[in-house]
Structure formats: C-alpha cells, structure tokens
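Listed here are the chains, written in short residue letters.
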Amino acid sequence: MFAAERRQLILEMVRANGAVSLRELARVVQTSEVTVRRDVRALEAEGLLDRRHGGAVLPGGFTRESGFPQKSHLSTAEKTAIADLAAGLVGEGEAIVVGAGTTTQELARRLARVPGLTVVTNSLLVAQALAHANRVEVVMTGGTLRGSNYALVGSGAEQSLQGLRVTRAFLSGSGLTAERGLSTSNMLSASVDRALVQAAAEVVVLADHTKLGSDTMFQTVPTELITRLVTDEPPVHDERAATELQALADQGVEITVAGPEAESAAGDGMPPGRQPRQEMPLPGQRRTQGGHGGPGGIGPQLRSAAALSDGPVGRVADMRRR
C-alpha cells in the first residue's frame, strides 16, 4: 500500500471513530507502528488530525464520542486485559454499580461467575451480559434510552440512584487526565456517571492507554475521587502516557496495569485476580508500593470505604493516598 493510500485510510478511520490507537491503525493498514506514526505526523502537519498519547484524534483539542459499533472494534485486546484485572477486584456478595461502555461490558461478562453479586447499572449491554447469570442480581436504573451507547440517561436514571450505597463503582469514559479526571463527550451521560459515583464508596476507572491525556467536554469524575485506575501497558515509546500515569499516581490514584505478565498468567489457566503483583516502573522519583490489607469482598451492608483486594493480575503500582 502506498503512503497516500495509507494516510487516506488512517484519516477515514479517525473521522469515523473520533480516536484510534496507533496499534489499531497499524493492524488495519498492515504496517508497523513506526510507519503509522510517521503518517500521523504528516497528517497532523496538514491540520487533518491531532496526535494524542499512542494514537490520533479529530483536530480541535476535544475528542468527540464514537457510537457503540465503532467503539466495540477499538482496542479489543486492551479492553479484555483491563476487564480481566478489574473482575479480580470484585468479591462474593458485593453490591456494585457499573456504568455504560464497551470496557464495562467486557467486565460484566466476567462478573457472571461471582456468587451473590448485586450489580446496579444504567447500561443495557451490561444487563444483557449478566442476564443469564443465576447467582447475580441485576438492578436497572430508570431513564431514557440513549441509542448510541445503549445507556439509560436523564432525570429518571439519576433519581433512581438517590439513596443508593454500594461498595464501588466501575466507570469508563472518553478521556482521562490528571488535571480534570475522567470525562465524556455527552452531557446526559456525564450527569448519570456523577450520580453513580455518589452512590459508591470507591471509584474504579477502566481506561485503555489511548484515553490517557485525552480531554473531552464534560467532567464525570474529578481526579481526587478516583480510587483506582485499571489500564493497559502503553507502548514503550509512549513517554507521555507514562508521564500521565505518574501524574495520576502523584495525586493518590492507585494504578493497576495489564502487562505481558497478565496475558502469560491467563494463558497458563490461572484465574484472574489471583496472581502476584509486580511494581510498574514509572518515571520520576521512586515511590514505595503499598497495598490494602482488607478483604476484597465486602457485602452490600458496607457503609464506609472498602479495601480493594490484593489480587489483580499484571504489573501494579499502588500509591497510597497521603
């Protein structure tokens, strides 16, 4: 494929999806990430797109939200690894809230085997993934259906969450920065996500590395309210993503990264959430790894912050809040 053809295809993918990782672009155009990075630089110089940490986005600073059909085909391997790790944080008998998104949908598929679990969600996709899980109770919010991501939004959804208290919330979004926290491109979705956060003692954000450093219009979770980030390992050349992770850790967010060790352990048939943790190297000053000592599974009666389990697979840097 000639350079002009590659760049046209890259441009079409970014216009269709809003944001695309270098890995995904390289896979589709069937070339190396080095070549794709050079193409992206050339397109950026023409003002046709903007480079972001490990990917490309529409020009203009703020990325727009893609629909479910586009999102479901982006960063699938990364989302799978993130979902495997996040599932290890959920214990028997817990009550949790799970927001809308393709990554949270992957998480829901792995929660079907957790006995005594109660899941409150505004996502039809999450509910569908758990519909046949006999040992899991699913509670749907009210609200108006937003067809682009199969989520219930509006005052009905927000009011149904009032008075609710659960162990933790699992949320994803369109962008994540240390400065603003988690954000999304839709105002109605952002309002419901804020209500989900208010219902939880702890907040776990699920975001692949392409979301790091991206900022979208509506803030959903400020950084100081994020307990833990579960993400995938950025490419080795992506120093900006590593810097963003360090900035989040410096603000007290616990960082759990799915790396090659997680995939190797999964291939050996070991269950997720039961592997030894390793410290993730981050730039900047050396920090001491710490972990929570409490059990991972605390029931729906919880009224105060619960300790996250020490079990996730992968390379982990746990930064205790100071």
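Residues numbered from 1 in each chain as written. Predicted model: local features only at pLDDT ≥ 70, side-chain atom pairs only at ≥ 80, totals over all residues. Heavy atoms only, no water.

**Q** Explain the pattern of salt bridges to me, please; I cannot follow it from the model alone.
**A** Once the charged atoms of two side chains with opposite charge are near each other, the side chains can pair. Counted according to the given criterion, the structure contains 13 salt bridges. Residue R27 is joined to E24 by a salt bridge in which the shortest nitrogen-to-oxygen separation is 2.6 Å. Separated by 3 residues within a single helix, R27 and E24 lie in helix α2 (residues 22–29), roughly one turn from each other. Among the ionic pairs, E202 bridges to R168, the shortest N-O distance being 3.6 Å. Of this pair, E202 sits in strand β12 (residues 200–206) while R168 sits in strand β9 (residues 166–171), placing them 34 residues apart in sequence. One exposure class covers both E202 and R168, and it is buried. In this structure, a network of salt bridges that share partners links the residues D84, E106, R109 and R110. (Salt bridge = Lys/Arg side-chain N within 4 Å of Asp/Glu carboxyl O. Helix = DSSP H or I, 4+ residues; strand = E, 2+ residues; numbered from the N terminus. Buried < 20%, exposed > 50% of the residue type's maximum accessible area, 1.4 Å probe, protein only.)

**Q** Honestly, the sheet that holds strand β10 (residues 175–177) in this entry has me stumped. Any pointers?
**A** Spatially, β10-β11-β13 is the arrangement adopted by the 3 strands of the open sheet, whose pairing is antiparallel. Unpaired on one side and paired on the other, β10 and β13 (218–221) mark the two borders of the sheet. Across the sheet, the mean angle from the axis of one strand to that of its neighbour is 35°, orientation sign disregarded. Summarising the sheet, strand β11 (residues 181–184) and β13 pair through 3 bridges and their orientation is antiparallel. (Pairing = 2+ DSSP bridges. Axes fitted to C-alpha atoms, helices over the stretch in contact; angles between N-to-C directions.)

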